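Here's the letter readout for the chains.
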Amino acid sequence: MTMRDTDTIRLGPGVGWRPQIDAAIAGAQGLGFIEVIAESVGEHGLPAGVAAARERGLQVVPHGVSLSLGGAERPDRARLAQLASVAERTGAPLVSEHIAFVRAGGREAGHLLPVPRTHEALEILAENVAIAQAALPVALALEHVAALVEWPGAEMDEATFVSELIARTGALLLLDLSNLYANAHNHGWDALQSLARFPLDRIAYVHVGGGTFRDGVYHDTHAHPVVPGVLQLVEELFAICDPPGVLLERDDDFPSDDELTAELRAIADAVRHGSEHRVRA
């Protein structure tokens, strides 16, 4: 496996590639990379929009959703081989997956389910991550997930659990500020205080996505505009460190080209304000 130093992988602004916003991405100015769902890429070739993005000089990061690294079963070799193949075909600087499980006992959940934050679960997760790393041609970044409910008996908070996993495996961190915001709001802790306790020196890139409030609960939908609280986290993050990239996710109810541009501009403004504060400090 080829491990690369995150400091050398400057990604810049990015967008999660989806066919529905292909034209908007093609016309967007200033992008440095796109993220493509690895499972959406066939065995041969690349989606036309992804190939075109590569030709324009954008970096491509495959984003896996089916390895189930947090499950009791070992990662499926065929799924690992497919993820490795997509990484090679896209010339990816790294790949990413989730701190989650999606299947158990042969049953598919169809959703990214949170892992119990226990020492036992951490051991299994670290072993599965090591298996994945050994099968991949590039570095692996791990993303923590949004969870409407938490497992009982947690032995660590989210920041500690993620930090322990990153330290044990040497993996990079895909810091999802929308997931951080959702979990903090829904489970009653302070997102800003928690932010500084993640392993920020291991960030590969950052996710930002939209959501909505229903009956006091924040739903990380990726189908609504980015809320002010998440943009505040973007600004705060860039005020204390300099992540290599930040990417907008949109998975449903796709916006117009102008709306997508406005979302990217709002994120860029938050990045700039935070960076300016860091430089002044």
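Up top is the structure.
Residues numbered from 1 in each chain as written. Predicted model: local features only at pLDDT ≥ 70, side-chain atom pairs only at ≥ 80, totals over all residues. Heavy atoms only, no water.

A. Region of the structure containing the overall build of the chain. Assigned secondary structure in the chain consists of nine helices and twelve strands. Relative to the globule expectation of 19 Å for 281 residues, the C-alpha radius of gyration of the chain, 18 Å, shows essentially globular dimensions. Dimensions of the chain, computed from C-alpha atoms along their principal axes, come out at roughly 45 × 45 × 40 Å. A fraction of 79% describes how many contacts in the chain between residues 6 or more apart in sequence connect residues 24 or more apart. (Helix = DSSP H or I, 4+ residues; strand = E, 2+ residues; numbered from the N terminus. Rg over C-alpha atoms; globule rule 2.2 N^0.38 Å. Contact = heavy atoms within 4.5 Å.)

B. Molecular detail of the pairing of strand 5 (residues 101-104). Note: strand 5 against strand 6 (residues 107-113), three bridges, orientation antiparallel. Across the sheet, Ala104 pairs through a bridge with Arg107, a residue of strand 6. (Pairing = 2+ DSSP bridges.)

C. Structural view of the side chain of Thr169. Note on placement: Thr169 falls in helix 5 (residues 158-169). Given a relative accessible area of 14%, Thr169 falls into the buried group. Polar contacts involving the side chain of Thr169 include one to the main-chain amide nitrogen of Ala171, which spans 3.2 Å. When near neighbours in sequence (up to four residues on either side) are disregarded, Thr169 contacts Ala126, Val129, Gln133 and Leu142. (Buried < 20%, exposed > 50% of the residue type's maximum accessible area, 1.4 Å probe, protein only. Polar contact = N/O pair within 3.5 Å; in protein donor to acceptor, adjacent residues only side chain to side chain.)

D. A look at the environment of Ala81. As for its position among the elements, Ala81 is in helix 3 (residues 77-90). On the basis of relative accessibility, which here comes to 46%, the residue Ala81 falls in the partly exposed class. Measuring from C-alpha to C-alpha, the distance between Ala81 and Leu237 comes to 34 Å, with 156 residues separating the pair along the chain.

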